Amino acid sequence: MAFQFLDRAIRLPSTNTEIVQRLSGVHDEWMMTDAERATVHSMLSTLKPQVAIEVGVYRAGSLAILAAQCQKVYALDIDPFCAATYASRFPNVEFITGPSQNTLPKLIDRIQNSGEPLGFVLIDANHSEEGVRCDLDNVLRYMPQRPLYIVMHDSFNPGCRRGIKTAIWSSNPHVHMVELDFVVGRFVMQEEGNRYRQMWCGLALGVLLPEKRTGDVIMRENESLMYRTALQHSVYRFHKWWNPVYSLPLTAARMRRTAGRLLRTHAPKLFDAMKARHNKSS
Ligand SMILES: C[S@@+](CC[C@H](N)C(=O)[O-])C[C@H]1O[C@@H](n2cnc3c(N)ncnc32)[C@H](O)[C@@H]1O
């Protein structure tokens, strides 16, 4: 992460010493950009959700904001360090340690059955495509009695983005819309070493309402041009799953081979004539 001007309390530097501190590269270990910090803070201070879930705590950067703005927070992380280090600092947070693929479904069932007023979920844990999709699918078991906002970090990362896009949003009749570029992400700079040209950060937003939707889920990508342009210049540019430079020639070669086989079987004379012509010209 590049340095950020906003600190954990969403506070800009007010003295020259603070500015120098921020620029010195001392990292506050909150894994979000200024835009994301400000967005999460403004959402929470406006919505004031009574109950929230955070999946992925790390050094409690985003958790500090959640704990300050919500009555009760469930904080899930695979790393026991989180509960051991932060439990005493956040009395309104219940820490649950373990892989979220096991802990999240149980928690969602528990909240559904007890009727607790869940209003906000932040997903920022396993950043593989499968990990993101699994966390989302587990949250999507929840049938809300009030608006529920799901915020997903790293929607600018191609793997996370695919996980978000392929989650079973339509299985939950209360999902109305998903915006992949609620806050656009970062294209990592050379100064940041081995992550150069990777794509990270970005917030996606899913909106669930108590009333059921009537049509399809609205899935939007407000910054799709920015995303695709970054992708073409990124370390992911050679990945076959998206790149037409790789997938089109492969498809064309496969089609040529199939056409050749059909021709040889059903029109052998024509096949021989074409082959002779090809050999002559090459
Ligand atoms: C990017 S950090 C979270 C950053 C935090 N939300 C913030 O903004 O400061 C990701 C966290 O997810 C946790 N994590 C990774 N895989 C997980 C899994 N399968 N289940 C639960 N937590 C996981 C890691 O231990 C790490 O603490």
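Up top you'll find the structure we're talking about.
What you are looking at is a predicted structure, and each value in this text was computed from that prediction instead of being measured.

With that out of the way, let us pick up the overall build of the protein chain. Secondary structure assignment for the protein chain yields 10 helices and 10 strands. By the compact-globule yardstick of 19 Å for 282 residues, the protein chain is too spread out, its C-alpha radius of gyration being 24 Å. Principal axes of the C-alpha set define a box for the protein chain whose edges measure 85 × 50 × 35 Å. Within the protein chain, buried positions represent 44% of all 282 residues.

This paragraph deals with the site of the ligand. Looking at the ligand, there are 20 residues lining it, with G56, S62, D77, S100 and D124 nearest. I78 places a polar main-chain atom, nitrogen or oxygen, 3.0 Å from a nitrogen atom of the ligand. Within the contact set of the ligand, a nitrogen atom lies 2.8 Å away from a side-chain nitrogen or oxygen of D124. In the complex, 87% of the free accessible area of the ligand, which totals 610 Å², lies under the protein chains. For the shell around the ligand, the elements supplying multiple residues, two or more each, are α3 (61-69) and α5 (100-114). Here the shell around the ligand is built from residues that sort into eight nonpolar, eight polar and four charged.

Conventions and cut-offs
- Note on numbering: residues in each chain are counted from 1, in written sequence order.
- Given that the model is predicted, a residue must reach a pLDDT of at least 70 before its local features are reported, and side-chain atom pairs must reach 80 or more before they are shown or counted; all residues, however, enter totals for whole chains, interfaces and linings.
- Note that the side-chain values use all heavy atoms of the structure and ignore hydrogens as well as water.
- In this description a helix means any DSSP run of H or I spanning at least four residues, a strand means any run of E spanning at least two, and both kinds are numbered starting from the N terminus.
- We take the radius of gyration over the C-alpha atoms and set the globule estimate at 2.2 Å times the residue count to the 0.38 power.
- Between buried and exposed lies partly exposed: a residue is buried under 20% and exposed over 50% of the maximum accessible area for its type, with that area taken using a 1.4 Å probe on protein chains only.
- Proximity is defined per residue: if any heavy atom of the residue lies within 4 Å of a molecule or strand, that residue is considered near it.
- The term polar contact refers here to a pair of N or O atoms within 3.5 Å; inside protein, the definition further demands a hydrogen-donor-capable atom paired with an acceptor-capable atom, and it admits residues adjacent in sequence only when both atoms are side-chain atoms.
- To measure how exposed things are, a 1.4 Å probe is used in the Shrake-Rupley method; for residues, cover is taken only from the protein chains shown.
- Under the scheme applied here, ten amino acids are nonpolar (Ala, Val, Leu, Ile, Met, Phe, Trp, Tyr, Cys and Pro), four are charged (Asp, Glu, Lys and Arg), and all others, including Gly, are polar.

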